[in-house]
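Okay, here's what each chain looks like letter by letter:
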Amino acid sequence: LVVGWLLAADKCRFKRLSGTRDGHGGGWKARPPSVKESMQIAAFTESLANSERRKWTQAEIQMIKSLEVLAAGNGAPTSLDKKLLSALQLGHTAEAAKEVLIRSGLWREQTSPQRGKELET
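Given the structure is predicted, the values throughout are model-derived calculations rather than measurements.

*Asks:* Got a sec to walk through the environment of Ala-94? Specific residues and values, please.
*Replies:* Tracing the sequence through the fold places Ala-94 in helix H5 (residues 94-103). Separated by 27 residues in sequence, Ala-94 and Leu-67 have C-alpha atoms that sit 8.2 Å apart. Not counting residues within four places of it along the chain, the set of residues in contact with Ala-94 comprises Leu-70 and Ala-71.

Encoded structure:
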């Protein structure tokens, strides 16, 4: 019972399988990594668009960190950055990443980490 509840809570990683007509079978199946990532990006971008304040998942924290590194000018956009920014219909630039972080309330307009400095986690 508890396992089913935990699996149901993570809709990006697991899919509920339908059972037979007599109620047997069913269960849970892991989604392919590409589907999981696409669903996580969609959920993250939707929560940013809605200014939804909630506890971030581990996957979302990784997305935020990736955007922060790009926005701080500490590297080229990663494939994750490109997917996130494309989902938000923005260019793959440090300025676009900074815009996302500011609009979402994660950064303030004055936030400007120094190039080459490690970001706080």
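*Asks:* Describe the pattern of salt bridges, naming the residues involved and giving the relevant values.
*Replies:* With the rule as written, the count across this model stands at 1 salt bridge. Residue Glu-99 is joined to Arg-103 by a salt bridge in which the shortest nitrogen-to-oxygen separation is 3.8 Å. You can see Glu-99 and its partner Arg-103 sitting in helix H5, 4 residues apart, about one turn around the helix.

*Asks:* Just give me the short version of the nonpolar core, but keep the residues and values in it.
*Replies:* By size, the foremost hydrophobic cluster in this structure holds 16 residues, and its most contacted members are Phe-44, Met-63, Leu-67, Leu-84, Leu-85 and Leu-101. The greatest single-element share of this core, amounting to 5 residues, is contributed by helix H3 (residues 58-71). Sequence-distant contacts of Leu-84, defined by excluding residues within four places in its chain, comprise Ile-41, Phe-44, Thr-45, Met-63 and Leu-67.

*Asks:* How would you summarise the packing of H3 against H5 if you had to cite specific residues and measurements?
*Replies:* Relative orientation of the contacting elements H3 and H5 amounts to 130°, with a least axis distance of 8 Å. On the basis of their axis angle, the class for H3 and H5 is oblique. Along this stretch, H3 crosses H5, giving a crossing that reads as left-handed. Residue-level contacts link Ile-64, Leu-67, Glu-68, Leu-70 and Ala-71 of H3 to Ala-94, Ala-97, Lys-98, Val-100 and Leu-101 of H5. When its residues are assigned to classes, the contact of H3 with H5 shows 8 nonpolar, no polar and 2 charged.

*Asks:* Describe unusual backbone geometry, with residues and values.
*Replies:* Phi is positive for Gln-89, close to 60°, though the residue is something other than glycine. Here Gln-89 is to be found in the loop between helix H4 (79-87) and H5. With a relative accessible area of 74%, Gln-89 lands in the exposed category.

*Asks:* How would you sum up H3? Please name residues and give values.
*Replies:* End to end, H3 covers 20 Å across 14 residues, agreeing with the expected 20 Å (1.5 Å per residue, within 8%). Buried within H3 are the following residues: Glu-60, Met-63, Ile-64, Ser-66, Leu-67, Glu-68, Leu-70 and Ala-71. Gly-73 lies just past H3 and shows a positive phi near 80°.

Cut-offs and rules
- Residues numbered from 1 in each chain as written.
- Predicted model: local features only at pLDDT ≥ 70, side-chain atom pairs only at ≥ 80, totals over all residues.
- Heavy atoms only, no water.
- Helix = DSSP H or I, 4+ residues; strand = E, 2+ residues; numbered from the N terminus.
- Contact = heavy atoms within 4.5 Å.
- Salt bridge = Lys/Arg side-chain N within 4 Å of Asp/Glu carboxyl O.
- Core = buried A, V, L, I, M, F, W, Y, C linked by side-chain atoms within 4.5 Å.
- Buried < 20%, exposed > 50% of the residue type's maximum accessible area, 1.4 Å probe, protein only.
- Axes fitted to C-alpha atoms, helices over the stretch in contact; angles between N-to-C directions.
- Parallel < 35°, antiparallel > 145°, perpendicular 65-115°, else oblique.
- Left-handed = near helix turned anticlockwise from the far one by under 90°.
- Nonpolar A, V, L, I, M, F, W, Y, C, P; charged D, E, K, R; others polar.
- Expected span 1.5 Å × (residues − 1).

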